[in-house]
Amino acid sequence: MQFRDLKAQYQALKPEIDKGIQDVLDSAGFILGKPVAELETQLAAYTGRKHCVTCASGTDALQLALMAMDVGSGDAVFTSDFTYFASAGTASILGAEAVLVDIDTRTFNLSPDALEAAVQRVLAEGRLTPKVIVPVDLFGLPADYERILPIAGKYGLKVLEDGAQGFGGSMNSKRVCSFGDMSATSFFPAKPLGCFGDGGAVFLDDDTLDQRLRSLRVQGKSPEDKYDNREIGINSRLDTIQAAILLPKLKAFAAYELDAVNHVADRYTELLAGTVVTPYVPPGFRSSWAQYTIMLADNAERTRVQAALQKHGIPSMIYYPRGLHQQKAYSGLHLPDAWYPNTLHAVQTVLSLPLHPYLTDAEIDRISGIIIETIRG
Ligand SMILES: *Cc1c(COP(=O)(O)O)cnc(C)c1O
């Protein structure tokens, strides 16, 4: 069994994807060819944003957005302690300081209370200028924007949504990648909407910043002249071949794949509720289920469940085994464990189960059955 069955997905869409790739080969428009512009238009429409600027990865999307927000040395960028490294690393590489914030125990997302406390702590210290909040839509569930956006407004901070795992999710019918000033997503193959390599995109409504991002992804060039460089940029474009792959994949995602993963999640929850802590989806929220993540009683129970699944050839993953404040790369920040009780609980107990649009009911039942038998005996 596959954790995320990318081969089954390719087989389902093979004729359209193969034709898209062949058309790019025939046109030889490998860099910023027509499918890239077409995809940007469709992605902007899907998310409800005015602009979409694609680039080479989700990490680059975050970095480009922070560059367009003029983030640099002396700035504080607030993000979740329980996330993939890029949510924080992109601020650090620009010379800013990542301020890591504890999570909510039920949603695994940035805790608004801990966020406001962290902003006040940074202001009281006076060493850094609070600049941007990077809420993460972890495992597919949108962060608590109803509480985070007012905090940003109160302290004059910008909001950059890390929607790398959340593409397709929504809150009160507003889609992921439409929250805050800008949003970033990733098309890494295992993400909710993945391509066949690396890819990413920034979403925003501001016309001036849209132009600036298009320049920043090509070495800060002027709109008219590629060799007239107005500022320091990077080289980060989405390959035309990846755009051609994403066009039919976006169609399938919107038509049935997002519904299919929600069916998988609902079935898991129906079977597993009462035996383990199943994912919490607050009223009005919809997840795109980048991961289906349960919580076990403790690390020992998790080890037992993982071993039982493995014995039956079923893969499971620990996202994530440590908080960012525990990463060696951030040891210089000297962040005390005592600030992160909820992250520390999560890293001991979480387990992500196989989930993709082509997982069958029989497979879900089998996986759930093994978990229930292991715990209840
Ligand atoms: C995957 C991911 C990224 C980075 O995306 P890449 O395309 O792998 O560079 C950023 N943030 C989160 C939360 C992610 O899961």
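Procedures and definitions
- Residues numbered from 1 in each chain as written.
- Predicted model: local features only at pLDDT ≥ 70, side-chain atom pairs only at ≥ 80, totals over all residues.
- Heavy atoms only, no water.
- Near = heavy atom within 4 Å.
- Polar contact = N/O pair within 3.5 Å; in protein donor to acceptor, adjacent residues only side chain to side chain.
- Helix = DSSP H or I, 4+ residues; strand = E, 2+ residues; numbered from the N terminus.
- Pairing = 2+ DSSP bridges.
- Salt bridge = Lys/Arg side-chain N within 4 Å of Asp/Glu carboxyl O.
- Buried < 20%, exposed > 50% of the residue type's maximum accessible area, 1.4 Å probe, protein only.
- Phe/Tyr/Trp six-rings, centres within 6.5 Å; stacked < 30°, edge-to-face > 60°.
- Contact = heavy atoms within 4.5 Å.
- Axes fitted to C-alpha atoms, helices over the stretch in contact; angles between N-to-C directions.

Student: Explanation requested: the site of the ligand in the structure shown.
Tutor: Looking at the ligand, there are 15 residues lining it, with Thr 59, Asp 162, Gln 165, Ser 186 and Lys 191 nearest. Contact distances for the ligand include 2.8 Å between an oxygen atom and a side-chain N or O atom of Gln 165. Ser 186 places a side-chain nitrogen or oxygen 2.6 Å from an oxygen atom of the ligand. For the shell around the ligand, the secondary structure elements donating two or more residues are helix H3 (58-68) and helix H4 (86-93). With three residues, the single largest contributor to the shell around the ligand is H3.

Student: For this particular structure, what's the right way to read the sheet that holds strand S10 (residues 285-286)?
Tutor: Ordered by their spatial adjacency, three strands build an open sheet running S7-S6-S10, and the pairing between neighbours is antiparallel. Only two strands of the sheet have a single neighbouring strand rather than two, namely strand S7 (174-175) and S10. Note that strand S6 (residues 170-171) and S10 share two bridges and pair antiparallel. When the bridges of S10 are listed, Ser 170 appears paired with Arg 286.

Student: Help me out: how do you make sense of the pattern of salt bridges in this one?
Tutor: Here the idea is simple: oppositely charged side chains can pair when their charged atoms come close. On inspection of all chains with the given rule, the structure shows 20 salt bridges. As a salt-bridge pair, Lys 19 and Asp 23 come within 2.8 Å of each other at their nearest N and O atoms. In this pair, Lys 19 and Asp 23 are both assigned in helix H1 (residues 6-27), four residues apart and thus about one turn of the helix distant. Owing to a relative accessible area of 52%, Lys 19 belongs among the exposed residues under this scheme. For the salt bridge of Glu 40 with Arg 217, the shortest nitrogen-to-oxygen distance reads 3.0 Å. Placement of the pair is Glu 40 in helix H2 (residues 34-47) and Arg 217 in the loop between helix H7 (207-216) and helix H8 (240-272), with a sequence separation of 177 residues. Considered together, Glu 40 and Arg 217 belong to a single accessibility category, that of buried residues. In the salt-bridge network here, residues are joined through shared partners; they are Glu 40, Asp 210, Arg 214 and Arg 217.

Student: Quick question: what am I supposed to make of the packing of aromatic side chains here?
Tutor: This model, assessed by the stated rule, comprises 14 aromatic pairs. With 6.3 Å between their ring centres and 65° between their planes, Tyr 46 and Phe 253 make a pair best called edge-to-face. Of the two residues, Tyr 46 sits in helix H2 while Phe 253 sits in helix H8, which places them 207 residues apart along the sequence. Both residues of the pair, Tyr 46 and Phe 253, belong to the buried class. Ring geometry for Phe 167 and Phe 253: centres 5.6 Å apart, planes at 45°, overall tilted. Pair noted here: Phe 167 is in the loop between strand S5 (158-162) and S6 and Phe 253 is in helix H8, with a separation of 86 residues, a long-range link.

Student: Got a minute to help me understand the pairing of strand S12 (residues 350-353) in this structure?
Tutor: Here is the key point about a regular strand: its side chains alternate between the two faces of the sheet. By the alternation rule, side chains of S12 split into Val 350 and Ser 352 and Leu 351 and Leu 353, which are all buried. Strand direction decides the pairing type here: strand S11 (residues 292-295) and S12, joined by four bridges, are antiparallel. Within the sheet, the bridge partner assigned to Met 295 lies in S12 and is Val 350.

Student: How should helix H10 (residues 341-349) be read in this particular structure?
Tutor: What sets the pattern is the α-helix's 3.6 residues per turn: residues three or four places apart point alike. Taken together, the buried positions of H10 are Thr 343, Ala 346, Val 347 and Thr 349. Buried residues belonging to H10 abut S11, helix H9 (299-311) and S12.

Student: I tried to follow the sheet that holds strand S1 (residues 51-55) on my own but got confused; where do I start?
Tutor: Spatially, S1-S9-S8-S5-S4-S2-S3 is the arrangement adopted by the seven strands of the open sheet, whose pairing is mixed. Looking at which strands have only one partner, the edges of the open sheet turn out to be S1 and strand S3 (97-101). On average, each strand axis in the sheet is tilted by 25° relative to the strand beside it, whichever way the strands run. Two strands pair when backbone bridges link them, and S5 and strand S8 (residues 182-186) are joined in this way by three bridges, in the parallel orientation. Within S8, the position partnered with Glu 161 by the bridge is Ser 183. Where H2 meets the sheet, it contacts S1 and strand S9 (200-204), and its direction lies at approximately 130° from that of S1.

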